[in-house]
Amino acid sequence: MLFNSLAFLAFFPVVCLLYWLLPPKYRNGFLLLSSYYFYMSWKPVYGLLILFSTLVTWLSGIYIGQQRERRRKKAALTLALASNFSLLFFFKYWGFFGESVNYLLDRWNLRIQFPFSSILLPIGISFYTFQTVAYVIDVYRKEIEPERNFLTYALFVSFFPQLVAGPIERAKNLLPQFRYSHSFDDGQFLEGIRTMAWGYFMKLCIADRVAPYVDAVFDNYRMHNGTSLLLGAFFFTFQIFCDFGGYSLIALGTAQCLRFRLTSNFERPYLSSNVQIFWRRWHRSLSSWFMDYVYIPLGGNRCNLPRHLLNLLLTFAISGLWHGANWTFLVWGILHGIFMMLSVLMHKLWPPAQSNASLRRAANIVFTFVLVLFSWIFFRASHIATAWIILKKIFTEQGALYKGQGLPELLLAFLCIGLLMFKEIKEEAGMNIHFIHSKNTIVSTISLSLLIAFILLFAEFSGNAFIYFQF
Amino acid sequence: MQKTIQKHKAFRVLISVIALLALIDAGSSLLVNAYLRRHSLPGEYQKIEYLMKDAKEEMVIIGSSVAISSYIPQIIEDSLHISCFNGGCSSQYLPFFQCMIENLLRRYTPRYLVLVMRSEELAVDELGRLNLLSPFYRKGYPSIDHLLDKTYGKRNIFLYSNLYRYNTIGWRILLSSIRPSDEIGQKGFVPHNKPKFPPVLNDWSNYTSHYRQLNPIHEECFRKIVELCRQTGVELIVTIPPVYKKHTDHGRPFELLALEYLCRELTVPLFNDNQSPFFLSRPDLFYDDRHLNYGGAEIYTWMFVEEFRQWKEGQESRSTVIPGSMK
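Please read these numbers as outputs of a predicted model, since none were measured by experiment.

A. Focus on the overall build of chain A. The secondary structure content of chain A amounts to 18 helices and zero strands. Scaling as 2.2 N^0.38, a compact globule of 471 residues should have a C-alpha radius of gyration of about 23 Å, and chain A matches this with 23 Å. With the C-alpha coordinates of chain A rotated into their principal frame, the extents come out at 70 × 65 × 50 Å. Across the 471 residues that make up chain A, the buried fraction comes to 56%. Taking the contacts inside chain A whose residues are at least 6 apart along the sequence as the reference set, 76% of them involve residues at least 24 apart. Carbon and sulfur atoms form 66% of the exposed surface of chain A, whose accessible area is close to 20700 Å². Within chain A, the 23 negative side-chain charges are centred at a point lying 7 Å from the centre of the 40 positive side-chain charges.

B. Geometry of the pairing of strand S4 (residues 235–240) of chain B. All names here are of chain B. Most of S4 is tucked away: five of the six residues are buried. One ladder, built from five bridges, connects strand S3 (residues 112–116) with S4; its direction is parallel. Its bridge partner lying in S4, Leu113 is registered against Leu236. Both S4 and strand S5 (residues 270–272) contribute to a ladder of three bridges, which runs parallel. The residue of S5 that forms the bridge with Val238 is Leu270.

C. The arrangement of the side chain of Gln256(A) in detail. The residue Gln256(A) is located in helix H10 (residues 226–257) in this model. The residues contacting Gln256(A), other than those within four sequence positions of it, are Gln188(A), Glu191(A), Gly192(A), Thr195(A) and Arg261(A).

D. Structural context of a nonpolar patch on the surface. Residue and element names in this part refer to chain A. Where nonpolar side chains cluster on the molecular surface, the patch consists of Val45, Leu48, Leu51, Leu55 and Leu59 and spans about 430 Å² of accessible area. Note on placement: Leu55 falls in helix H3 (residues 46–66). On the basis of relative accessibility, which here comes to 35%, the residue Leu55 falls in the partly exposed class.

E. Region of interest: the interface of chain A and chain B. Taken together, the contact between chain A and chain B spans 37 residues of the former and 35 residues of the latter. Across the chain A to chain B interface the summed buried area is about 3300 Å²; carbon plus sulfur atoms make up 72%. Our enumeration of links across chain A and chain B arrives at zero salt bridges. At the junction of chain A and chain B, the tally comes to zero residue pairs in polar contact (both at pLDDT 80 or more). Going through the elements one at a time, helix H1 (6–21), helix H9 (186–219), helix H17 (407–428) and helix H18 (441–458) of chain A are the ones with two or more residues in the side of chain A that touches chain B.

F. Structural detail: the pairing of S3(B). Residue and element names in this part refer to chain B. Along S3, five of the five residues are buried, which leaves the element largely enclosed by surrounding structure. Looking at chain direction, strand S1 (residues 59–62) and S3 are connected through four bridges and run parallel. By the bridge assignment for S3, Met59 is matched with Tyr112.

Conventions we followed
- Residues numbered from 1 in each chain as written.
- Chains lettered and ligands numbered in written order.
- Predicted model: local features only at pLDDT ≥ 70, side-chain atom pairs only at ≥ 80, totals over all residues.
- Heavy atoms only, no water.
- Helix = DSSP H or I, 4+ residues; strand = E, 2+ residues; numbered from the N terminus.
- Rg over C-alpha atoms; globule rule 2.2 N^0.38 Å.
- Buried < 20%, exposed > 50% of the residue type's maximum accessible area, 1.4 Å probe, protein only.
- Contact = heavy atoms within 4.5 Å.
- Areas by Shrake-Rupley, 256 points an atom, 1.4 Å probe, with all protein chains shown as cover.
- Lys, Arg positive; Asp, Glu negative; His and termini not counted.
- Charge placed at Lys NZ, Arg CZ, Asp CG, Glu CD.
- Pairing = 2+ DSSP bridges.
- Patch = residues over 30% accessible without salt bridge, like charges linked within 9 Å, V, L, I, M, F, W, Y side chains within 5 Å.
- Salt bridge = Lys/Arg side-chain N within 4 Å of Asp/Glu carboxyl O.
- Buried area = accessible area lost by both parts, 1.4 Å probe.
- Polar contact = N/O pair within 3.5 Å; in protein donor to acceptor, adjacent residues only side chain to side chain.

Note that all results are geometric; they support no functional claim without further evidence.
Quick look at the structure:
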């Protein structure tokens with residue numbers, strides 16, 4: 001069930017209403033059923049996968065919590081990690097692995113074929129695998145107590161607002177919220193609705209509006225000149241942010257209506273003044289996951305400089321592969337790893353100057369945005385060679401701009417992006433002007449109505465799926 | 001008590017939002033209707049409206065953006081001495097064409113209907129930008145109502161909202177008041193500028209179609225169009241303008257063969273210039289791989305006129321499938 005589908009528009013109010021009408025002791029059970037219904041509406045059989053992952057990690061957690069012998073704890077942890085990552089590998093990377101092996105065998109003129117077939121990736125597997133794995137590791141590290149109630153734990157894994165594309169919640173944040181009963185709070189409820197509305201604006205008015213242009217130029221890159229490809233890359237930069245950021249806001253708002261608080265995944269990422277800050281603001285739940293479970297165990301920055309830089313590169317390469325089974329994602333991850341390495345080196349060699357701060361900051365923001373924009377080309381292109389051709393064309397072939405579905409559509413996309421950036425800059429500058437989030441009920445009500453009217457009037461209702469669902 | 005008031009507050013806010021939305025919705029409808037009393041809808045809506053309300057030409061061309069940029073009605077009028085209108089609409093497919101033709105034929109009977117198709121027209125999955133029809137929903141056009149009800153399914157409840165139905169129209173009206181775009185100024189023909197960097201033929205030497213079956217929805221629409229024209233006595237001509245893609249499969253991919261077969265079966269003349277060697281050797285006549293630029297459109301329209309004449313002269317004795325005359 002997509003957040004931007006008619007089914008969800010019916011599902012959410014019904015779940016919300018029944019949740020608040022039910023006695024508190026039945027609410028978690030009801031939410032669990034709703035979450036499984038939400039997930040299984042894609043393909044019922046995938047419900048078994050999530051159930052398997054839930055059972056394995058729940059039992060492992062309890063076993064690890066009971067054992068005192070380190071060796072046994074480690075064995076249980078290894079078993080839990082192996083079973084979860086095997087599933088992820090099988091569904092997500094098996095086809096890619098097989099293709100790559102066959103390519104190498106072919107290059108070496110060996111007439112052997114590695115048997116593989118492409119399998120349909122279960123939606124959200126990367127997200128809930130990381131969430132359950134983090135839980136087991138946290139129990140192993142004694143950072144949290146194992147959850148003994150299976151129903152509560154199963155709800156933690158499958159909670160529908162964040163199930164298919166995150167935020168990847170930590171047990172210490174989300175699990176306790178299922179342990180006590182919530183009372184209805186109209187302020188929280190309305191705030192949730194407002195957050196959802198802004199999420200829908202980002203998804204429907206920006207991500208889906210620029211999608212046809214992005215698809216047209218990237219899928220037929222040979223037919224387009226550098227100017228059109230640059231605009232395509234610019235639009236994709238906003239498409240991916242608004243698609244995923246919009247999804248995250250809808251997830252946050254949905255949870256908030258039920259009085260749950262999820263991690264905010266994005267914090268004005270395109271106003272970051274360097275790549276390090278960008279990664280503190282972009283997909284924060286994943287970044288912190290990689291920080292805690294990959295980067296720090298590798299040694300983090302508490303080692304010599306070459307090892308520190310290598311740790312960064314490795315972490316970003318793995319993060320790239322997490323996004324998808326394709327070399328383009330790996331290159332995208334490595335590229336960001338290199339940006340991070342350079343950023344660390346530059347900070348060591350030339351500590352940031354304090355003078356002329358605002359001008360310098362603005363220049364840094366633009367520079368970081370450009371770096372991120374060019375890296376997205378690798379993320380969006382189907383092959384590395386394609387990305388190179390696109391980059392080459394951007395710098396060598398200028399010409400008339402391809403207008404896609406027409407100039408009005410392009411201008412409308414710019415208008416919506418302008419509105420988004422106005423809000424982002426306003427928040428970054430700490431300006432105390434609020435519209436939908438105003439404390440004045442009249443202002444917030446009128447603003448919310450106008451925002452919904454704007455969405456109805458200017459959205460692209462194509463019913464596109466969210467990009468991050470494929471990861 | 002306070003909790004009850006708080007609950008009432010959330011309820012009140014939600015009701016206020018709905019009431020305000022209803023007000024904005026009604027207001028937007030009043031505004032658009034007031035505008036429409038003096039002006040026609042902007043952009044492609046203008047063309048749809050013209051086709052449904054005012055068109056009375058002897059030859060009407062129906063198709064997608066390929067049609068818009070390929071046929072210059074003025075040349076057809078001057079050479080064939082019949083009035084002509086190019087009713088092409090961007091990013092549309094057979095369901096839209098069928099709907100337009102049904103509406104057209106309810107009002108008057110043109111002598112010729114030129115259905116401009118792409119080689120893959122019968123096989124594609126998409127249904128096109130049918131939301132372009134939503135301003136005309138429940139405005140007395142049964143075929144539009146039927147098509148939107150069928151494709152939108154339960155989503156058609158949104159069509160009761162004026163804001164949804166007039167999605168992006170306000171914006172287009174605003175832009176057209178600043179920079180007027182006259183879609184029907186050149187009788188529906190909108191030229192594409194010549195690109196600075198024309199496509200390179202080598203890029204397309206290995207183009208292979210991936211279609212292996214026809215889309216039953218599109219096939220049904222095509223059959224329905226043929227039937228409608230037959231019932232009303234309109235002479236239907238199917239054309240496939242040139243593209244800048246060299247097909248493998250000896251230039252006859254599955255979907256093209258299927259279209260030829262269907263035209264033979266239904267005895268509909270097909271002017272197939274899809275793989276015209278002349279155009280394949282002239283990248284300077286294209287805007288991109290499937291759209292001709294102004295120069296290309298001029299040459300192709302003359303080619304069409306010639307093919308049309310040949311077909312008229314030997315209508316009774318000739319084969320129904322007419323290969324491109326200038327190949």
